[in-house]
Amino acid sequence: MDADERLRLAVDRVSAALRETVEELQVTENELRAALGFLGEVGQAGQFPLLADVLGVSVAVDEVTYDARQPGTASSVEGPFYRPGAPVRTQICRDDEPGDVCFVSGRVTDATTGAPLPGALLDVWQAGAGGKYEHEDPEQPDYNLRGRLYSDDGGTYELRTVVPPPYEIPQGPVNRLLARIGRNRFRPAHFHVKLSCEGYEPRTTQLFLEGGAHLDDDTIGAVKPELTGRLEKHDDPEQLSRGGLDRPFFTYVYDFALVPAAPREGAGDGS
Ligand code: MBD
Ligand code: FE
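Presented here is a report on the structure given in the accompanying data block.

About the criteria used
- Residues numbered from 1 in each chain as written.
- Chains lettered and ligands numbered in written order.
- Predicted model: local features only at pLDDT ≥ 70, side-chain atom pairs only at ≥ 80, totals over all residues.
- Heavy atoms only, no water.
- Pairing = 2+ DSSP bridges.
- Helix = DSSP H or I, 4+ residues; strand = E, 2+ residues; numbered from the N terminus.
- Patch = residues over 30% accessible without salt bridge, like charges linked within 9 Å, V, L, I, M, F, W, Y side chains within 5 Å.
- Areas by Shrake-Rupley, 256 points an atom, 1.4 Å probe, with all protein chains shown as cover.
- Salt bridge = Lys/Arg side-chain N within 4 Å of Asp/Glu carboxyl O.
- Buried < 20%, exposed > 50% of the residue type's maximum accessible area, 1.4 Å probe, protein only.
- Donors = N, O, S within 2.8 Å, 3.2 Å for Na, K, Ca; no water.

**Re the sheet that holds strand 3 (residues 146–150)**
As summarised here, the arrangement of the five strands in space is 3-2-7-8-9, forming an open sheet in which the pairing is mixed. Two strands bound the open sheet, and with one partner strand each, they are strand 3 and strand 9 (228–229).

**Thoughts on a nonpolar patch on the surface**
The grouping of Val22, Leu25, Val27, Leu32, Leu36, Leu39 and Phe48 at the surface amounts to a nonpolar patch, some 610 Å² of accessible area in total. The element that contributes the greatest number of residues to the nonpolar patch is helix 2 (residues 29–44), accounting for three residues. Looking at the secondary structure, you find leucine 32 in helix 2. Assessed through its relative accessible area of 48%, leucine 32 is described here as partly exposed.

**With respect to the coordination of the iron ion (ligand 2)**
Each protein donor to the iron ion (ligand 2) is listed here as Tyr133 (OH), His190 (NE2) and His192 (NE2); together their distances run 1.9 to 2.1 Å. Going along the chain, you hit the donors of the iron ion (ligand 2) in the pattern Y-x56-H-x1-H. Note on histidine 190: relative accessible area 4%, which makes it buried.

Any functional reading would require information that these geometric values do not contain.
The structure is reproduced here in structure tokens:
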């Protein structure tokens with residue numbers, strides 16, 4: 001089926017669902033006008049990607065795109081706030097970043113052999129303790145809480161950041177819609193990670209914090225149990241002074257596994 005045929009089918013399906021809704025709820029002309037006004041506001045605010053997220057469309061697309069039976073780290077949606085070109089560094093925030101210091105570490109391995117993967121690139125981003133991503137917060141420097149780092153020869157990585165907070169989706173038409181219908185506007189605290197490594201399928205995912213708020217009612221429905229890890233608190237004074245820290249810190253360990261890239265069509269070995 002070609003792209004135009006798929007588009008025709010999608011338009012038919014969506015219009016049928018909309019007409020059914022109109023008939024079932026006896027939608028009025030005023031309500032239609034309000035709905036169209038809302039969509040105009042969403043466009044003006046640049047929040048169509050966010051609307052797709054809260055309608056559950058992004059997660060549904062992720063589910064049909066990535067085979068859940070495949071070995072390796074599960075996928076999750078990229079979300080609207082990725083910025084390419086983050087600095088390469090192992091501390092992704094300020095020394096005095098508000099919030100609790102958190103060291104995130106683990107290993108990257110081959111999902112089929114278990115062999116460690118050196119040189120895997122982790123592109124990480126998250127919201128600050130104040131509940132905002134850097135680009136929506138004038139208090140944060142450019143690219144704060146965003147960074148890229150590589151796994152070492154043993155496939156291990158470690159980065160310094162702060163514990164992310166539960167995240168309320170930005171103010172605007174989408175947030176107002178959820179408030180009006182009494183739906184949760186929060187996402188559970190999460191780290192975003194885009195992993196890539198030569199010869200492997202890239203993987204975009206999110207990591208969640210065990211026991212955190214909104215794991216069961218993520219407003220975009222993106223939580224998977226296997227993407228949840230535990231925060232460990234460290235407050236032993238001796239350990240603190242060794243790490244040059246004057247306050248308790250947290251660690252979060254998560255191991256990733258990547259699937260070898262499928263041989264590309266037409267990329268023969270020339271024999
Ligand atoms: C987020 O922080 C996010 O990661 C997604 C996917 C949607 C809205 C806000
Ligand atoms: Fe996010």
